[in-house]
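Secondary and tertiary structure notes
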Amino acid sequence: MRLLKNLANLRQWRVQQQGSVALVPTMGNLHEGHLTLVKRAQQHADVVVVSIFVNPMQFGANEDLDSYPRTLEQDCRALEALGVNAVFTPQVEDMYPRGMDQQTRIEVPGISDILCGANRPGHFVGVATVVCKLFNMVQPQFAVFGEKDFQQLQVIRLMTQDLSLPIDIIGEPTARAETGLALSSRNGYLSESQREQAAVIYRTLAGIAEKINAGTSVEAARQWAVTELETAGFAIDYVEIRNANDLQPASATSGRLVALIAAKLGSTRLIDNLVINKDHP
C-alpha cells in the first residue's frame, strides 16, 4: 500500500495505474462502516484509493474541527489489511493553497440549504468543494459514499451530474451496531450509557416507517417521533420525512420517502435516516 502525502506524490502514482480506479473519501478515524465502503469499492474497480483529510471548510465556527479524532496510523493498518492500493493524506495547504478565503467554491443550490444545511450554514459548500477537488486530483471512475449521510450523498450526486464528471457515484447502505445505532466517528464522543440511549434514533426511524406503512399521515408520524426523541433526552435539530429522490417535502403521491433525524445527545450531534417504500412495507 502506498502512502501519498501530497498532490505531487498522488499524480506521480496515478499515471502509473492501469485499469479502473475507485475513490473512498474519508476524514479518517475509520470504523467498520468505512471499511464496508472500501470493500464495496473493491467490487467495482481494479485500484482503490482512500483519502483521509479532515476538511476545515465543512466545519462551522463552533464545531469540533480541533477535537475531531485523528488516528492515521491505526487507519492505515486497517486499510493495508484490506488490500487498499493507496492512501492519500493531503495537508490543508495542498487542498487550499491560497487559503480558504480565496478558494474557488462549489455550491449545489437548493438541496444544500435545507435540513443539515439549514443548521450548518456553508457545510455543504465545504463538502462539495473538497469532494470536487479530490475527484480532480484522483481522477477515479467510481466513488463510494455511505447512505448514513443521505443529504451529503444527494449533494454529491447532483454536483457530479451538474458538472458532467465521468464518475459513477455509489451509495453504500448504513453500517449499524447490533443496537441499530448508525456507525459514526462521532460515536466515540459518547459514553457507554449514551451509546445505548443513541440507539433510540434508529428505533424511532423504524417506528416512523411502521406508522406510515400502517396509514398514519406524514405529519402525525413526524410529531410522534419528535415526542419519542424529546422523551428520551435528545435535543432535536430536525425530524423530517421527505421525498427520497429530491428531499423536498413529502406529498400524498410520494412513493419513496426518507425519514431523517438530526439530534444532539449531550454535545454530540448524531444523524441517521431510513428510506421508506410506501408500496412495499
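To be clear, the structure that these remarks concern was listed above.
To start, this report covers the structure provided alongside it.

What counts and how
Residues numbered from 1 in each chain as written. Predicted model: local features only at pLDDT ≥ 70, side-chain atom pairs only at ≥ 80, totals over all residues. Heavy atoms only, no water. Helix = DSSP H or I, 4+ residues; strand = E, 2+ residues; numbered from the N terminus. Buried < 20%, exposed > 50% of the residue type's maximum accessible area, 1.4 Å probe, protein only. Contact = heavy atoms within 4.5 Å. Salt bridge = Lys/Arg side-chain N within 4 Å of Asp/Glu carboxyl O. Phe/Tyr/Trp six-rings, centres within 6.5 Å; stacked < 30°, edge-to-face > 60°. Core = buried A, V, L, I, M, F, W, Y, C linked by side-chain atoms within 4.5 Å. Pairing = 2+ DSSP bridges. Right-handed = clockwise from strand over helix to strand, strands pointing away. Axes fitted to C-alpha atoms, helices over the stretch in contact; angles between N-to-C directions. Left-handed = near helix turned anticlockwise from the far one by under 90°. Parallel < 35°, antiparallel > 145°, perpendicular 65-115°, else oblique. Nonpolar A, V, L, I, M, F, W, Y, C, P; charged D, E, K, R; others polar.

1. Observations regarding the overall build of the chain
When its secondary structure is counted, the chain shows 10 helices and 9 strands. Based on the C-alpha atoms only, the size of the chain along its principal axes is roughly 55 × 40 × 40 Å. Within the chain, the fraction of its 281 residues that count as buried is 51%. Nonlocal contacts in the chain, meaning residues at least 24 apart in sequence, comprise 71% of its contacts between residues at least 6 apart.

2. Describing the pattern of salt bridges
Under the criterion given, the structure shown has 9 salt bridges. Taking the shortest distance from any N to any O, the salt bridge between Lys 39 and Glu 32 comes out at 3.6 Å. Taking relative accessible area as the criterion, Lys 39 reaches 38% and is therefore assigned partly exposed. Relative accessible area serves as the criterion here: at 42%, Glu 32 is assigned to the partly exposed category.

3. Describing the packing of aromatic side chains
On inspection of all chains with the given rule, the structure shows 3 aromatic pairs. A ring pair is formed by Phe 59 and Tyr 68, whose centres lie 5.9 Å apart and whose planes are at 80 degrees; its orientation type is edge-to-face. The pair formed by Phe 59 and Tyr 68 is uniform in burial state, with each residue classed as buried. Summarising the aromatic geometry, the rings of Phe 135 and Phe 145 are spaced 6.5 Å apart at their centres and angled 70 degrees between planes, so their arrangement reads as edge-to-face. With Phe 135 in helix 6 (residues 123–138) and Phe 145 in strand 5 (residues 142–146), this pair connects stretches of sequence that are 10 residues apart. By the burial criterion, Phe 135 is buried, and Phe 145 matches it.

4. Considering the nonpolar core
Membership of the largest hydrophobic core comes to 46 residues, with the highest contact counts inside it found for Leu 10, Val 131, Phe 135, Phe 145, Met 159, Ile 169 and Leu 247. Going through the elements one at a time, helix 1 (7–14), strand 2 (21–26), strand 3 (47–52), strand 4 (86–88), helix 6, strand 5, helix 7 (150–162) and strand 8 (256–265) are the ones with two or more residues in this core. For this core, the element with the most residues is helix 6, which contributes 10 residues. Listed in part, the 24 residues of the second largest apolar core include Val 226, Leu 229, Ala 259 and Ala 263.

5. Points about the pairing of strand 3
Burial analysis of strand 3 places 6 of its 6 residues in the buried class, which makes it a mostly covered element. In this sheet, strand 3 lies alongside strand 2 in parallel orientation, the contact comprising 6 bridges. Bridge pairing in strand 3 links Val 24 to Val 50. Taking the sense of rotation as the criterion, the β-α-β connection linking strand 2, helix 2 (residues 32–44) and strand 3 turns out right-handed. In the sheet, strand 3 pairs with strand 4 via 3 bridges, with the strands oriented parallel. In the sheet register, Ser 51 faces strand 4, and the bridge partner there is Phe 88. Regarding the hand of the β-α-β motif, the stretch spanning strand 3, helix 3 (residues 72–82) and strand 4 is right-handed.

6. Things to note about the sheet that holds strand 9 (residues 268–277)
Strand order in the open sheet made by the 3 strands is 7-8-9, with antiparallel pairing throughout. On the outer flanks of this sheet lie strand 7 (235–243) and strand 9, each paired with one strand and no other. Each strand axis lies, on average, 10 degrees off the axis of its neighbour in the sheet, ignoring direction. Taken together, the 10 bridges between strand 8 and strand 9 define a ladder with antiparallel strand orientation. The partner of Leu 257 across the bridge, within strand 9, is Ile 276.

7. Details of the packing of helix 2 against helix 3
Where helix 2 contacts helix 3, the axes come no closer than 11 Å and their chain directions differ by 30 degrees. Note on packing geometry: the crossing formed by helix 2 with helix 3 is right-handed. The segment helix 2 lies against helix 3, with Leu 35, Val 38, Lys 39 and Gln 42 engaging Ala 78, Leu 79 and Leu 82.

8. Points about the packing of helix 6 against helix 7
For the pair helix 6 and helix 7, interaxial distance at closest approach is 10 Å and the crossing angle is 50 degrees. The angle between helix 6 and helix 7 falls in the class oblique. Where helix 6 crosses over helix 7, the handedness of that crossing is right-handed. For the pair formed by helix 6 and helix 7, the contact residues are Phe 124, Val 127, Ala 128, Val 131, Cys 132 and Phe 135 on the first element and Gln 151, Gln 152, Val 155, Ile 156, Met 159 and Thr 160 on the second. Within the contact of helix 6 with helix 7, the residues separate by chemical class into 9 nonpolar, 3 polar and no charged.

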